[in-house]
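One-letter residues, chain by chain:
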Amino acid sequence: MSVFIHESSFVDEGATIGSGTKIWHFCHVMPGAVSGERCNLGQNVVVMNGVRLGRNVKVQNNVSIYEGVELEDDVFCGPSMVFTNVMNPRSHVSRKNEYRKTLVRRGSTIGANATIVCGVTLGEFSFVGAGAVVNSDVPAYALVVGVPARRIGWMCQCGERLSDGGAGVCGACGSSYERSGDGLRRTNPGAI
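Residues numbered from 1 in each chain as written. Predicted model: local features only at pLDDT ≥ 70, side-chain atom pairs only at ≥ 80, totals over all residues. Heavy atoms only, no water.

(A) Examining the environment of Thr109 more closely. Mapped onto the secondary structure, Thr109 falls in strand β16 (residues 109–110). Assessed through its relative accessible area of 18%, Thr109 is described here as buried. On a C-alpha basis, the gap between Thr109 and Gly181 in space is 21 Å, while along the polypeptide they are 72 residues apart. Beyond its immediate chain neighbours, meaning those up to four positions away, Thr109 contacts Phe76, Ser126, Phe127 and Val128. (Helix = DSSP H or I, 4+ residues; strand = E, 2+ residues; numbered from the N terminus. Buried < 20%, exposed > 50% of the residue type's maximum accessible area, 1.4 Å probe, protein only. Contact = heavy atoms within 4.5 Å.)

Have a look at this one:
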């Protein structure tokens, strides 16, 4: 598969772009950035040096992915959501040696206008609601909302909210889940 890069976008020498990836209007992918296959970068997306995107990552309009952020396969970043990479930025103080790693695990969704404070991990298939501010780790399959973000439920891998405290069977696809540590674990794939 080929790569599509809109003529208004810049992909710097030294960036690696996976096959089937689409980079739309006014994007900038910097040297050292790595994108897996079949990614889709919406309008006005910046991918900084050292960022790693897995396969099939969808980044909607107006998102900047800063050094220190890693997105695993099948992650969705909603429009205008925000990543940070320094805890106490100051214009007059260089903090480049203080970047904190942020890891967004496979299948996670981050809603529009959410903010992910650096140094956290979003568990597999977690779901961050629109406008939430995440300042601590999010368990696998958790649904978090608010400022600061708090868990209010659990989500199925198919994207539907689970009932019964998360343990049980998804009414939409038939996947089943059980509690595992502070998160959930899928016990059968259902129709996914």
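(B) Focus on the nonpolar core. One finds Ile65, Leu71, Phe83 and Ile110 to be the most contacted residues of the largest nonpolar core, which totals 44 residues. Secondary structure elements with two or more residues in this core: β12 (69–71) and β21 (142–145). Contact partners of Leu71, with chain neighbours within four places excluded, come to Arg52, Leu53, Gly54, Val57, Ile65, Cys77, Phe83 and Val104. (Core = buried A, V, L, I, M, F, W, Y, C linked by side-chain atoms within 4.5 Å.)

(C) Spatial organisation of the pairing of strand β26 (residues 183–188). Where strand β25 (residues 176–180) meets β26, 5 bridges bridge the pair, whose relative direction is antiparallel. Note on β26: the bridge partner recorded for Tyr177 is Arg186. What sits between β25 and β26 in their antiparallel hairpin is a turn of 2 residues, with Gly181 showing a positive phi close to 60°. (Pairing = 2+ DSSP bridges.)

(D) Geometry of the sheet that holds β12. Strand order in the open sheet formed by 6 strands is β3-β6-β9-β12-β15-β18, and the pairing between neighbours is parallel. The open sheet terminates on both sides in strands that have one partner only, identified here as β3 (16–17) and β18 (121–122). Relative to β12, strand β9 (residues 52–53) is paired through 2 bridges, and the arrangement is parallel. Each bridged residue has a counterpart across the sheet, and for Arg52 the counterpart in β12 is Glu70.

So far we have only geometry, and geometry alone does not tell us how the molecule works.
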